[in-house]
Each structure stands twice: as structure tokens, then as C-alpha cells.
Amino acid sequence: ANPGKLANKTVVVTAGGTREAIDPVRYIGNHSSGKTGYAIAQAAVNQGAHVILITTVDRPAPALVTVKHVVSALDMLAALKDVYAQADVVVMAAAVADYRLSQPAEQKMKKTSKTSGLHLDLVQNPDILAQLGQMKTHQFLVGFAAETQDVLTNASKKLQQKRLDLLVANDVSQPGLGFATTNNVVTLLEPGKKPKTLPEQSKTAIARELIDLISERLG
Ligand code: PMT
């Protein structure tokens, strides 16, 4: 049997949107469904990789994948730190909240008077990818960028600042593409190379292309 292009490699994939607690029943979240991350996990397993999937969503995982469930950005960071040393590749497809509550309420928050609003005090979450970039020894680091404007400019800044080997940019302002859709349009950015936009295709097909590219770069 063909051992696959990623035989003997450990690939860590993150999927879904983080949930930042407001109180025991509410959270700040985003529209990530996990489809992209799960498709990448599947494509990596198909190429013989040992895959660790760190996920916020509860969908059936591909066979042979080790799954770690997390909720918040801080959980995700801790889970990644646990496995980073053994990873050959990390793919951050998760949509991580940039902010969390400074102090989530311990009990369900009550509505006060009829007219008053509510202010939540937020603090910044750590930038997980940037931290992984700083800690990099041999890992091939792949980030995503969800942008609504100046896609390429913003994406190339993220590629540099987070010390990534590959960045997958998507314009999430396009109807029918991006969050929770079947298909997507992505542009691949690599240090020192011209950005390459792939035609619209399913997230499954994109995942296959990404895994092929990553295995080529690992050599
Ligand atoms: O899950 P789906 O429904 O299939 O949707 C897929 C997707 C649109 C969520 C995915 O393709 C995507 O774009 N994921 C990244 C979303 C995001 O958080 O983008 P960003 O531009 O805010 O962050 C850039 C990169 O830094 C991302 O790889 C992100 O995981 C990472 N990040 C962001 C913030 C933070 N505090 N820590 C991080 O590591």
C-alpha cells in the first residue's frame, strides 16, 4: 500500500470558532463551522499523517484522528502548547477571538432596568499563531486570514508578523464563500513568492491542494 505523502509526520489542525464566556449560558463567538479544519484533517490522514485535531465544534471527526475539544482561545493555546514539540505541521484554520471578557460572570447575568444598556469589559486574547511563530523550532506553520477588505495587504502582514511558512487568505465578505459554506476561494501566500489564487472549489478540494503543497514543502 502507498504510505502517503505525510507518512511519519504529525499534523496538528485547529478547527471552529472559539467561544469566550460572558456568563455560564452566553458567549462571544463567530461563524466558523469547522468545515475547513475538518477537511484538512481528513486530507492529512488520507496522506498517512498522524493528525491531532484541536476543535471547538462537535462534528464527527475523520477516522484515525486524535481529537481534543476546547472552548476558548486560552484553552486552544494550552492544547497547542501540549503538542507543539511533536508537531511537524500546524494548520490554524480556527477562527480565534481576539478578545475575551476580563471577568466572565459566575452566575447568569440578570437584566437590569428597562432602559439601561450593558457594557462588557474585554481584554485581548494572546495571538496563538504569533506565539507559535516565536516558539518555532522545525514546525511548518500555516495560518489562515479571514479578511473583509484589503485582503492581500492584510494577509501578507500576517504572514510576516506571525512568522508563517504559508498563509491561506479568504475574503469573507463574498456571499456564499468563507464561513460555514461548502465552497471557498483562497489565495495562498508564501514568503518570497507571488500570491496564488485558487479557483472556487469545495473546502475538501482546497484541503487536498493544501496538503499536497505542504508535503512538497516538507520535501
Ligand atoms: O470553519 P469554516 O466555517 O469552514 O470557516 C473557515 C474560516 C473562514 C473560519 C477559515 O477559512 C479562516 O479564515 N480561519 C481563520 C479565521 C481567523 O481567525 O482569521 P484572522 O485573520 O483573525 O487570524 C489570522 C490567523 O491567526 C488565523 O490562522 C487564526 O487562527 C490566528 N489567530 C487569530 C487570533 C488569535 N488571537 N490567535 C490566532 O492564532
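In the nomenclature of an unreviewed UniProt entry, the protein chain corresponds to Coenzyme A biosynthesis bifunctional protein CoaBC from the organism Weissella halotolerans DSM 20190.

S.K.: Break down the site of the ligand for me, citing the residues and quoting the values.
M.R.: Ser33, Thr36, Ile128, Leu129 and Phe144 are the nearest of the 27 residues found near the ligand. When contributions to the shell around the ligand are tallied by element, the ones reaching two or more residues are helix 1 (35-46), helix 3 (128-134) and strand 9 (140-147). Classifying every residue of the shell around the ligand by side-chain character gives 14 nonpolar, 8 polar and 5 charged.

S.K.: Run through the UniProt feature "binding site: CTP" (unreviewed entry) in the protein chain, naming residues and quoting values.
M.R.: Within this structure's numbering, the places UniProt gives as "binding site: CTP" (unreviewed entry) are Asp98, Lys108, Pro126, Asp127, Ile128, Leu129, Phe144, Lys158 and Lys162. For the residues just named, distributed over 65 residues, the greatest C-alpha separation reaches 37.1 Å, placing them at more than one site. With respect to the helices and strands, the residue Ile128 is situated in helix 3. Accessibility expressed as a C-beta count within 10 Å gives 24 for Ile128, which makes it buried. Not counting residues up to four positions away in its chain, the partners in contact with Ile128 are Ala73, Met76, Leu77, Leu80, Met92 and Val96. Within the secondary structure, Phe144 sits in strand 9. Ignoring sequence-local partners within four residues, the contact set of Phe144 consists of Met92, Ala93, Val168 and Asn170.

Calculation notes
Residues numbered from 1 in each chain as written. Predicted model: local features only at pLDDT ≥ 70, side-chain atom pairs only at ≥ 80, totals over all residues. Near = placed C-beta within 6 Å. Helix = DSSP H or I, 4+ residues; strand = E, 2+ residues; numbered from the N terminus. Nonpolar A, V, L, I, M, F, W, Y, C, P; charged D, E, K, R; others polar. UniProt positions renumbered as here; feature names shortened; annotations may be inferred. Buried ≥ 20, exposed ≤ 12 C-beta atoms within 10 Å, placed from the backbone. Contact = placed C-beta atoms within 7 Å.

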